[in-house]
Every structure is written in structure tokens, then in C-alpha cells.
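Now for the letters of each chain:
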Amino acid sequence: MNAIIFSALWGLVMMFSGIATQNRKTITGLSILGLVLLLVINCLHAYGIWVIKMDTKDALHFDSIGLFFNAIAFFATLLYVVLSGKDIENTGVHAAEYYALIFFVLTGVGILTAFNGLLMLFLGIEIMTIPLYILTGADKRNLKSNEASLKYFLMGSFSTGIMLMGIALIYGATGKFGIAGGVTLAPSTGLAVRPSFLEVGGMILLFVSMCFKVSAAPFHFWTPDVYDGAPAVFTSFMATIVKSAGFFAFIKLFEAHTAVLGDSWNILLPFVILITLLIGNITAVFQQSVKRMLAYSSIAQAGFMLFALYGTNDLSKEGILLYAFSYSLATIGIFAVLIKLKDYSLDGFNGLATEYPLLAFSTSICLLSLAGIPLTGGFFAKYYMLSAAIKAGGVFWLVIVAVLLAAVSVYYYFRVIQAMYFKTGAPTFNQPITKAFQWTLFGVAVLIIVLGLFPTLLLNFFYF
Amino acid sequence: MIPVLLILIPLITGLITFAFSAAESAKKIALLSAVATLVVAGWSVCCTPTSALRFDIAWLPVMGSRFTLEMDGMSKMLCLLTGISFPMIFLAIFRQETKSAPGFYGWMLLSQAGLMGVFLAADALVFYFFWELALIPVYFLCSIWGGERRIAVTFKFFIYTFLGSLLMLTGIIYLSYHSPGGSFAIEALTKAALSESQRNGLFWLFFIAFAIKMPIFPLHTWQPDAYEESPTAVTMVMSGIMVKMGLYAVVRWLLPLYPQSSALYADVIIALSVIGMLYASFIAMQQNNLKRLIAYSSIAHIGLMCAALFTAQPSAYQGVMIQMFSHGVNVIGLWIIADAIEKQLGTRLLSEMGGLAQKAPTLAILLVIMGLANVALPLTNSFIGEFMMFNGLFRYNMVWAAVAGISIILAAVYTLRMIQKVLYGPLNPTTETATDIPVTAKWALFVLVVLVIVGGVYPQPLINLTNDTVQALITKH
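Residues numbered from 1 in each chain as written. Chains lettered and ligands numbered in written order. Predicted model: local features only at pLDDT ≥ 70, side-chain atom pairs only at ≥ 80, totals over all residues.

Things to note about the domain arrangement of chain A
Residue and element names in this part refer to chain A.
Reasoning step 1: Entries for chain A in the domain assignment read domain 1 (1-154 + 221-250) and domain 2 (262-464).
Reasoning step 2: In this structure, domain 1 and domain 2 have C-alpha centres spaced 22 Å apart.
Reasoning step 3: Of the residues lining the interface, 28 residues belong to domain 1; the matching set on domain 2 comes to 29 residues.
Reasoning step 4: In terms of residue class, the side of domain 1 that touches domain 2 is made up of 17 nonpolar, seven polar and four charged. (Domains from an automatic or database assignment. Contact = placed C-beta atoms within 7 Å. Nonpolar A, V, L, I, M, F, W, Y, C, P; charged D, E, K, R; others polar.)

Next comes the structure, spelled out in C-alpha cells:
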């Protein structure tokens, strides 16, 4: 509750700070302050200290996993603003508003990690995505940015409509907005009662709309265009924090519900995972623009994260936390470098290692992490996902396909490393690369390696 | 404590080396570090208390993985081989100019740390970690310091091996899930409750990973290109030590984990190995490129070792142990000479060589000795190993032994042809100005030649060293 109220309030503060000062540095500083406070206040909640106490009538339910995910999301946002704050300032003319919108998105994240009913889920999703439609169009003189914004808005509202329809069907079948349903047993026979057609239909619609939100194929078509068209600095935010939050909600929603879907779940999920992995990985191979490649890579990573839906135990929750953290860190790191480059194509990275060895090293660690090479956080993230699927049983073939495609992913991630290290060129930047930026990025790389050596450090936190 | 030292010395010195800016000091640090590792490896061979050869601490308790390192006879032997190889390699290239040398030596030492880890790990997850970590340095070494087509070739090599190891990873996860307590320790994995068909499936997941590394026909296509395009020092690491990773993994993991499946598929694998041997030998006979010739000859030798491992014959196991060491020594020697020739003449084409024996007598003598060791002539180290392997193969199946035996003749054909083309015949404009090999390379080769001859005359220490591994294998079968 702390985090939800505080982030909404701080969003307002940011909005009005635009009136008080025109100094963009101050505005960025203010938002960093806000994020630090947000992080602290969220952790206080986890230790049982409510700064703002409010009875939610059980509409929201706070547990340690949700609060821990909040902490991850806020920390990632903090890193993101520290690394790319300058680029947010330079995107358009309304720096203060952008920060305000980012805080509103975080409010949505706070709701999504705590929802205890379908209505709250809907509110969380809407609060999280509506600011994003605006951020996508932030670069308003750029035609592609406008197109992306409109596309995102249309597709987003479409999927929201589907979600509402699903909620309505479930409400019709059960008379409740709750998600604690599951299969009921008939008192006379002890066998499971067949769930009504309405309920199954509603669940499938919910599944489809969530797939939209996390850009799982075949509902991914908006992703490349939107990620490519939006200002790169906001793509970074969308592809990491927002996406992970969407996944968290996805898993929270479905963890107790797969039984309702019965056999259709065993067809639906493998199918979605399979084509998400296929489309994401194979298409990414052919991209020349690193920005677009990262868009497809985010689809491919979504395919891996979907494996978490197989786990019904803590394994998948721990896994998704680790995945969200390591994936967000790595993607934010790469984007932070990409945004500074003038040329978003692969050639733009040529020769980066000779001029900025530290920068190239940190970027390489991020890429290695995305590819899932051991010693990086990405390895254990993938490891958890594969374990979840193997322990669920019955889909070993899918695991094999997933690792084959992970080998494909090495191809496109390593092309960036090749460009940086083995090709010659002189990368040009939009703005000077400061020492502070390089060392912050190096810090991110170190964090990724620490996660890769001791993933339990992170996970132990969450059993505090 | 010894196993940790073997990993930590190259790891730490490797990281330090990156920080240097002067090429000379980087070289010296690398050489010193490699000698220190050799001393520790030598100590491990003499040191008898088993407590010093084991290291075990909790690493990831939630996942059931412990950081366990253990040395048995085979580990000692391969660590010794790794320990000997690196100083020889550094010595051989000591006088050469390497661009951005600190990076080069840093990566080399890191790859040594990774290799040591592979030979020491007794926990499947730790093993997988080092298996990958040995690969990354080699990727950078080849891509930065390699030949003209280096980027594409190394990429192919990397993706090939990465694919294999990912398949192995799924196998490891599956196995540990069914093992008592979800542990990754090798003893626990052997007790995993699996049906026959599950075991057979997992067997292939592991075997493909190892077969790519060795490499076994038809998964060998990355190898000649990679050997040719890599800088020679890295080729020595790859062919001398890295290919042993595959063989080692078969002995340490595959055979104990899946004894029935190994017996079931023995014929298939031996067939692939023998086909690979003949195929590689025939190509080697036609080669005009010195580096590719050695690469193909290496495929043929590895094929025999792989076939021998699946015969389940004690003598074959023992032969493989000896041959792993001998092949490492011989092939590194051959590469040092090939590198010296290439640096001298500026070409690796046999058709442009000739008459080197007149200009470079020491080189000629060393090449002949190494060449004969490659053919496995009696009194050279590989004779004993090959003899025992053929003995085992013969007991297993006479036909396979006969077919594989052809490769002995073919080995003599291509090796002698190479010696003849390089050393004899008239001088030509390229070879007219040749001089003898550099003095540091001479020293390295001298040590290797001593090992070749001592190993050929008195191989008993090597047999004693690896005896416990062989005994353990026999009892498991």
C-alpha cells in the first residue's frame, strides 16, 4: 500500500515540479530522490511498517513475493533513470511529465503485484499501460513515434476489451470477481465438477489478453513496431520493468487456475511458448537494427518466461523474480548504451571496444546474460525456467526446442559483441560518455555476475 | 586445497594480466603463472593423502549443488597435461610479437582455469559451469587474434559447442530432478530413478555435447576450420587439451551414469568413430595445407580413443588414458613445428615447401621425431596407447579392429608424405632463405621430445597414475 500511494503522490510532485523549475537536472534529481524513497518505503512495508495504513477490503493482498518484486522493479527503474536520465530529459520538451508518467506506471506495477481480484487486475493493467501510450508518442515530431503510439493504443485497447469480456464471463459463471476459484469437488462423488463453459471461455480470453500484454506470439505483432518506433529510452522502460510486471501478474493470475482449463491448458500453453520462441528467435536473427533486434529478443525472452507458468510451486516464482531482475538489468544496460549511439544499426557498435573498453566490457556482460551463458544472472534465470518445465513433466520436447532456440539466440547477441570487439570503426554518440556513466554500467555488469555466481543471495532476501 | 589452487592460480594471474600495458611483463607473468600451476599439478601427482585432493563447500544449497572438486588418477593426469602444455606453449611463442599481448595472455590463462575446472569438477552443475567457461576465452582468442576468416569460423565453433552443452544442461537438470535429494553430485546422479528408455534418451543428450567437443564424425565440421584460423597457440590449447574434455567427460560422466545405454549403443558409436577415423585419414592424405593436415590427423586419433572407450575392455581404457596424455604432447609438438615453419616461410602450403632439412637441421630432426610419434612407432609414447586400444577393440569385435587398423597405415602415409614434402626435395625460392627454429621453441620441443621418448620406453608411471580410474570403470560395467 505504501508504494502504491507514494508513487501516485510523487507522480503529482513530478508533474508540478515542471512548473516550479525549468532546470532539467533538478527534475531528474527529484525523480531519483523519489525512486529511492519509494524503494525504502516499499521495503519498510515488507518489514511490517505501514506508512500509510488503509483498509482495502481485501481487494489488495500484500505478500512478501509481491513486495519483493516491487523492490526489484523500483530498483531497476532507479538504475534506468540514473543511466538514462539525460536521455529522458532530451527526448522532448516535457521532462517533468515523462517522469510523472513513469511514476504512474509504477503505481500500476504496485497494484499488479498485490491484486486479489479481477477488478484490481484490470485497474492495475490500465494504470500501467495508459501512461505508456503517451510515453511511446513522446517524440511528437517523429512520425514513427506517433505511429507507434497510435498502434500501441489501438492494440492495447483491443486486448483490454478482450480482458474485460473474459472478466465478465467469469463473473457470469461464478458470481465473483475473485481469483481464488479453482476446481470444486462434487460432494457426492468426490470427483471434480466440470467447470462451466462460461468460466473456461472467460479464462481463455484472460489468457489471450495477458499474452497480448507480455507480447507472446501469436499476439506479438504490435511489439516490434512499438518498440522500434518509441523513443529508445522509453522502449528500454517498456521492455523491462513493464514487461516483467505483466509477467508477474500473468503468473499470479494463473498459478491456481490451470486446473479449470483442464486439457485445453496442455495444448494452449505449449503452443504459445513454442511459437513465441520460434518467432522471437528466428526473426531476431535477420534484424540489422539493434533496437529492433532487442524488440524481437524481448519476445524470445518472453517465451522463456512463459515456462514459469508450468511451475505451481515456489520454484517458478523464485524463477520469475530472478528472470525479471537479470533480464531487466541486462536490457537496461544495453539500451543505455544504444540510446547514446547515433546509429542504431549493428555497424553503429563497430569498434566500441577500442575507444571505450570498459563500456564494451559491461555491454558484453549484459549480452552474455541475455544469451544465458553461465557466470551471469541470465544463466540461472533460464535454468529456473527449464527446471520448472522439467519438473512439471510431459513437455521435455519443448525444453529441448527451447534450448535449441537459445543457441540460435547466441547468434544475434554475439553479433553485437563481434561488432564491438572484432570490427573496426569509430562509433559516434549523441552526447559525451561520462566516466560516471561508464562506471555505473560497470556496476550493473558486476551485479549481473554476482547474480550468476550466487543467485541465492537475491532469493534469500525474499525469505526474510 | 590442491584442486582450488589449480583453478585459482591461472584465474587470478589471468585477471591481473589484463591490467598490464607492457607486452613483456604480461608474457613473463603468464609464463611464471603457468610454471607455478605446473608445480602444483606435479605436486598433486606425488601427493598421496586423499584429503588434499578434495574440496567441497556449499554453493547453492537451494538447488542441491555443492562446489565439489575432486582428483582421481585421470584428473591428475589431465591436470598435469594442462600444467605441462601451457608453459611449453608460452615458451614456444615467447619470441613472437603478439598485438595487445596482455589481453592475449590474460585470456589464455583464463582458458587454463576453465580447463582445470572441467577436469576437477565432481558436481554436475559445477562441471557445466566450467565446461562453458573454458569456451568463452577461446572464443575471444580466436576471434581477435585469428586468421582472415576468424570471425565466421569461430562463431560456428562457438554455436556448435554451445548447442551441445545446452542439450547436456537439460540432461543434467532432468537427471538431478530424479536423483535422490535433487542433488547434482556424481554419486547421487548415478542413483537417479529412471526407466531404461529415459536413460537411453539422456545418454544421447550428453553424448552429443561430448561428441561435438571431441569431435566425432559427423559433428566434426567446425574443427579443421577452427584449427586453421586460430592463432597457433590457441590451436595447441584446443587440440592438445580441449578435445580431451570430451573424452574425459565420457569417462567421468557418461560411462558411470549410463552403463547400460553405453553398452547398448556401443556399436553405433564405434561405427561413427571408425568412419571418422578413415574419413579424416583419407582427407589428411590429400591435404596440401599443413595446418589442416594436422587437424584431420587429430580427428583420426581422437576417433580411435572414442571407439576404445566404448569397448568396455580394461586394456582399452588403460590405452585411452595413456593416449590422452601422449596425444596432447605429440600434437602440441607438431603445432609448434608447424607454427615455426609458417612463420619462417609465410605459407602453410606443402606444395610451396621443400628442402628444409638442408637449411634447418634441428627443425628437421624434431619434425621427424614428432611425426613418428604421430604414426605411433614403437619406442614413441603413442605406440603403447594405440597398441592397448587396438587390443581392446580387437577383443570387442575383430571386424571393427581390422577396419580401424587401416588408419594406422594411412597415418603413416600422410605423416611421411608431410615429412617428405616439408624437409626433402630441392630448395625453392620460398625455402632458400629459411633458418632454424627460434631457441625458446627449441627448448619447449626438447622437453616434449623427452616426454615422447620416456613415455615410449617406460610408460608404467602413467599406467600407475590412472589405474584407479580404470579400476573404477571396470567395476561399474
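Still more to cover.
Here we look at unusual backbone geometry
Reasoning step 1: Geometrically, the link from Ala217(A) to Pro218(A) is a cis peptide bond, its omega value of 0° lying close to zero.
Reasoning step 2: For Pro218(A), the location among the structural elements is in the loop between α7 (197-213) and α8 (222-229).
Reasoning step 3: In this chain, Met214(B) is followed by Pro215(B) through a cis amide linkage whose omega measures -5°.
Reasoning step 4: Following the sequence through the fold, Pro215(B) ends up in the loop between α9 (196-213) and α10 (222-229). (Helix = DSSP H or I, 4+ residues; strand = E, 2+ residues; numbered from the N terminus.)

Section: the interface of chain B and chain A
Reasoning step 1: In this assembly, 21 residues from chain B lie in contact with 21 residues from chain A.
Reasoning step 2: Among the elements that line the side of chain B that touches chain A, the one with the most residues is helix α7 (residues 150-178) of chain B, at twelve residues.
Reasoning step 3: Of the residues contributing to the side of chain B that touches chain A, the split by class is 18 nonpolar, two polar and one charged.

Some words on the pairing of strand β2 (residues 65-70) of chain B
All names here are of chain B.
Reasoning step 1: Inspection of the sheet shows strand β1 (residues 54-60) paired to β2 by six bridges, in the antiparallel sense. The residue of β2 that forms the bridge with Ile57 is Phe67.
Reasoning step 2: Where β1 folds back onto β2 in an antiparallel hairpin, the turn is made up of four residues, including Gly64, whose phi is positive at roughly 80°. (Pairing = 2+ DSSP bridges.)

Brief notes about the domain arrangement of chain B
Residue and element names in this part refer to chain B.
Reasoning step 1: For chain B, the assigned domains are domain 1 (1-258) and domain 2 (265-477).
Reasoning step 2: Between domain 1 and domain 2, the C-alpha centre-to-centre distance is 22 Å.
Reasoning step 3: Going through the elements one at a time, α3 (73-92), α10 and α11 (232-257) are the ones with two or more residues in the side of domain 1 that touches domain 2.
Reasoning step 4: In terms of residues, the side of domain 1 that touches domain 2 owes the most to one element, α11, which gives 13 residues.
Reasoning step 5: Along the lines of polarity and charge, the residues of the side of domain 1 that touches domain 2 split into 25 nonpolar, eight polar and five charged.

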